[in-house]
Protein chains: 2
Amino acid sequence: MRILITGGAGMLGRKLLRRLLERGHLRGEQITNIDLVDLVQAPLNSEICTAHVADLSCRGEAEALVDPAPDVVFHLAAVVSAEAETDFDKGMAVNLDATRLLFEALRRCPVSTRVVYASSIAVFGAPFPDPIPDDFHPTPLTSYGTQKLIGEVLLADYSRRGFFDGIGIRLPTLSVRPGAPNAAASGFFSSIIREPLNGLPADLPVLRNIRHPHASPRAAVGFLLHAAELDTAQFVRHRNLTMPAVSVTVAEQIEALSRVAGSEAATLINDCFDPAVAEIVTRWPSRFETTRANALGFVADESYDDIIQAYIKDDLH
Amino acid sequence: MRILITGGAGMLGRKLLRRLLERGHLRGEQITNIDLVDLVQAPLNSEICTAHVADLSCRGEAEALVDPAPDVVFHLAAVVSAEAETDFDKGMAVNLDATRLLFEALRRCPVSTRVVYASSIAVFGAPFPDPIPDDFHPTPLTSYGTQKLIGEVLLADYSRRGFFDGIGIRLPTLSVRPGAPNAAASGFFSSIIREPLNGLPADLPVLRNIRHPHASPRAAVGFLLHAAELDTAQFVRHRNLTMPAVSVTVAEQIEALSRVAGSEAATLINDCFDPAVAEIVTRWPSRFETTRANALGFVADESYDDIIQAYIKDDLH
């Protein structure tokens, strides 16, 4: 069982690698090789792993990485939403061209590779029904969402034609993200939990009644593994699936923080309304009806309390 | 007013050109130049027209065509459904790469060009509700539909970013198509009308209860012109619109033929059920609820009788 992880040095790639090494097997077979590729060196902690530093948007890189052919590819590499918006050409190169070059390289492989593609709820754009059903049309309002959607559409056609065996999973916002706060407009969803747990203050730029779908990084790794093992004969025609999530308001996030870490933790959150951030966030989806993913056995965190506990167990040092 | 028509030598491009020359103006301005581009020489009948023979999927061709910058582009060039299915790489090159290269060239233009993009109801794939509403998710089941959908998604993002001012129109099946029967699975929708009107027999490979959406080529030209003149400020976020159509069963098509041309015409139709064609056709949409396009003033033919009359007037010699 050969595995390739693109974006292997990223937060999700590192967590996926750790879980794969703990399990030792995938799809009923022993994992013998894991190749990781990213623009920077991925940290390695096993002799079955090889880290490659490469830009997949350059012709020839993907071909080299899929020789010998991987049995499973986790395609996580992406320029994030904010950067794809400020640097359109970079987003197109990494999120679209690299995806297509990878898909083309896999098409030429002698085996039918299971491709697990990390898509995003950014493929949806307001106005929405609440909840958003599985058959609602994606109309992205960012270049990131546009590029992720194109990847989904290509994945579906490459799979329909038998070039590979793909599954796209639309991830909700991952929280609680470990590490330093980032510049993403969604960053506060994690920082209002993470910073207080670390004894630090955190700014809340939106009203507390804002509702949003969340998954822990641990649940996201679970989605990726389940997608890798799923029997695609069940799919028929829909290769891209919105993942289940915990849909909570900011107030409910903070109540969970108080239950898990005590009510003092919540006093470290400063309400400082930022109209620019608030306006962006009101255009995001708040809730999904994930009938198809549920029927296929994808499982979200049970509650936002569990999402906080996952952070404490996996990332709080 | 400079106009560029890609696919200018095709059936729809030629009819569009004729209508533009009859009108003499577009968007309230006199038409001074019409550039046509296609893989073959477009027939010319006016000194304001220039025909270019070029392959838009080759780098540099689109840049040359948009210098000086056109005010309106009608992007009709495409590899048709059957060919995009048998020759995947050609479909990707013409339907996807050429579209992206054209969009990139227009992005670099000093003016904000109105881009009218001919998309297709092939972006939809079964299973469907009946009728299909405007917010139903597109899940194409052909490479042609996949490529057209990617063009739509790019058009929306390029327009959102202000690179140009685009509108995508999803055309239903065009009937009655002039000329010889073609190999397309949908060809019989036209030939069962066209051949009897020309005194020739025609094969009907599906059951007469099959329902399908139709527009005359004349109505399709009307959609293109309306899209060129529309005030896009009304659109807000949805740049891609399913066009209204006349949804009729094959039996209703044949009844219309009898009304227009006499009952003997219909005796030239031979029911010869072809399970392969019938199976393809049952996966096609039969009816749409085109609320958005209707509200924006797009107008379908009034009846299938009118569709036949348009063929007789415009194409029957």
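Below is a summary of the structure that appears in this document.

### Focus on the overall build of chain A
If you tally the helices and strands in chain A, you get 12 helices and 14 strands. C-alpha atoms of chain A, sized along the principal axes, occupy 55 × 40 × 40 Å. In chain A, buried positions account for 50% of the 317 residues. Put simply, 77% of the contacts in chain A that link residues at least 6 apart link residues at least 24 apart.

### Concerning the interface of chain A and chain B
Facing 19 residues of chain A, the contacting portion of chain B comprises 19 residues. Among the elements that line the side of chain A that touches chain B, the one with the most residues is helix 5 (residues 143–160) of chain A, at 8 residues. When its residues are assigned to classes, the side of chain A that touches chain B shows 8 nonpolar, 6 polar and 5 charged.

### Structural notes on the sheet that holds strand 9 (residues 173–174) of chain A
All names here are of chain A. Judged by pairing direction, the sheet is mixed, and its 3 strands sit side by side in the order 9-11-13 without closing on themselves. The strands lining the two open edges of the sheet, one partner per strand, are strand 9 and strand 13 (246–249). Strand direction decides the pairing type here: strand 11 (residues 211–215) and strand 13, joined by 4 bridges, are antiparallel. Note on strand 13: the bridge partner recorded for H214 is V246.

### Details of the relation of the copies chain A and chain B
The transform that puts chain A on chain B rotates by 180 degrees and translates by 0.0 Å along the axis, for an RMSD of 0.0 Å. This pairing of chains is accounted for by a two-fold axis. When C-alpha distances to the rotation axis are compared across chain A, the minimum falls at H137 of chain A, with a value of 1.9 Å. In this assembly, 100% of the residues forming the interface of chain A have copies in chain B that are likewise at the interface, indicating an isologous arrangement.

### A closer look at the pairing of strand 4 (residues 33–38) of chain A
Residues and elements named next belong to chain A. Within strand 4, 5 of the 6 residues are buried, leaving the element largely enclosed by the surrounding structure. Across 5 bridges, the pairing between strand 4 and strand 5 (residues 49–53) is parallel. Residue pairing across strands places D35 opposite T50, the latter belonging to strand 5.

### A word on unusual backbone geometry
All names here are of chain A. Along the chain, A126 connects to P127 via a cis peptide bond; the corresponding omega equals 0 degrees. In this structure, P127 sits in the loop between strand 7 (114–120) and helix 5. Looking along the chain, the bond that leaves S175 and enters V176 is cis, with omega of 5 degrees. Tracing the backbone through its elements, the reader meets V176 in the loop between strand 9 and helix 6 (187–197). Positive phi, close to 55 degrees, is recorded for R27, a residue that is not glycine. When you line up the elements, R27 lands in the loop between strand 2 (25–26) and strand 3 (29–30). The exposure class assigned to R27 is partly exposed, which follows from the 14 C-beta atoms found within 10 Å.

### Thoughts on helix 12 (residues 304–314) of chain B
Side chains of residues three or four places apart in an α-helix project in the same direction, reflecting 3.6 residues per turn. Of all the positions in helix 12 of chain B, only Y304, I307, I308 and Y311 of chain B are classed as buried. Considered in projection along helix 12 of chain B, the buried side chains sweep an arc of 95 degrees and stay on one side of the axis.

### Digging into the environment of L17 of chain A
Topologically, L17 of chain A is positioned in helix 1 (residues 11–23). Each C-alpha atom of the pair L17 of chain A and I34 of chain A lies 8.2 Å from the other, and the pair is 17 residues apart in sequence.

### Let's talk about the sheet that holds strand 11 (residues 211–215) of chain B
Consider a sheet: its strands pair through backbone hydrogen bonds, and that pairing is either parallel or antiparallel. All names here are of chain B. As summarised here, the arrangement of the 3 strands in space is 9-11-13, forming an open sheet in which the pairing is mixed. A single partner strand is all that each edge strand has here, and the edge strands are strand 9 (173–174) and strand 13 (246–249). Bridge analysis of strand 9 against strand 11 gives 2 bridges, and the strand direction is parallel. Paired with T173 across the strands is H214, a residue of strand 11.

### Some details on the packing of helix 8 (residues 250–261) of chain B against helix 12 of chain B
Residue and element names in this part refer to chain B. The contact between helix 8 and helix 12 brings their axes to 9 Å, and the two run at 55 degrees. Taken as axis vectors, helix 8 and helix 12 run oblique relative to one another. Considering the relative orientation of helix 8 and helix 12, their crossing is right-handed. Contact with helix 8, carried on its side by E252, Q253, A256, L257, R259 and V260, involves Y304, D305, I308 and Q309 of helix 12 and no other residues of that element. Residues of the contact of helix 8 with helix 12, tallied by class, amount to 5 nonpolar, 2 polar and 3 charged.

### A short note on the pairing of strand 1 (residues 2–6) of chain A
Consecutive residues of a regular strand have side chains that alternate between opposite faces of the sheet. All names here are of chain A. The element strand 1 is largely enclosed, with a buried count of 4 among its 5 residues. The pairing of strand 1 with strand 4 spans 5 bridges and is classified as parallel. Following the sheet pairing, L4 is matched in strand 4 by D35. One ladder, built from 4 bridges, connects strand 1 with strand 6 (residues 72–75); its direction is parallel. Bridge pairing in strand 6 places T6 opposite H75.

### Remarks on the environment of E264 of chain A
Mapping E264 of chain A onto the fold places it in helix 9 (residues 263–266). Taking the C-alpha atoms as reference, E264 of chain A lies 8.8 Å from P196 of chain A; in sequence the two are 68 residues apart.

### Digging into the environment of E63 of chain A
The topology assignment puts E63 of chain A in helix 2 (residues 61–65). In the structure, E63 of chain A is positioned 44 residues away from R19 of chain A in sequence and 26 Å away in space, judged by C-alpha atoms.

### Points about the packing of helix 4 (residues 88–107) of chain A against helix 5 of chain A
All names here are of chain A. Here helix 4 crosses helix 5 at 10 degrees, and the two axes come no closer than 9 Å. With respect to their mutual orientation, helix 4 and helix 5 come out roughly parallel. Residue-level contacts link F88, G91, M92, N95, L96, T99, R100, F103 and R107 of helix 4 to S143, Y144, Q147, K148, I150, G151, L154 and Y158 of helix 5.

### Re helix 1 (residues 11–23) of chain B
All names here are of chain B. The end-to-end C-alpha distance of helix 1 is 19 Å, a good match for the 18 Å that 13 residues give at a rise of 1.5 Å each. Taken together, the buried positions of helix 1 are occupied by L12, G13, R14, K15, L16, L17 and L20. On its buried face, helix 1 sits against strand 1 (2–6), strand 2 (25–26), strand 4 (33–38), strand 6 (72–75) and helix 7 (217–229). Looking at the residues trailing helix 1, positive phi occurs at G24, about 85 degrees.

What counts, and at which threshold
Residues numbered from 1 in each chain as written. Chains lettered and ligands numbered in written order. Predicted model: local features only at pLDDT ≥ 70, side-chain atom pairs only at ≥ 80, totals over all residues. Helix = DSSP H or I, 4+ residues; strand = E, 2+ residues; numbered from the N terminus. Buried ≥ 20, exposed ≤ 12 C-beta atoms within 10 Å, placed from the backbone. Contact = placed C-beta atoms within 7 Å. Nonpolar A, V, L, I, M, F, W, Y, C, P; charged D, E, K, R; others polar. Pairing = 2+ DSSP bridges. Least-squares fit on C-alpha atoms with pLDDT ≥ 70 in both. Arc of directions from axis to C-beta. Axes fitted to C-alpha atoms, helices over the stretch in contact; angles between N-to-C directions. Parallel < 35°, antiparallel > 145°, perpendicular 65-115°, else oblique. Left-handed = near helix turned anticlockwise from the far one by under 90°. Expected span 1.5 Å × (residues − 1).

Geometry only, nothing functional implied.
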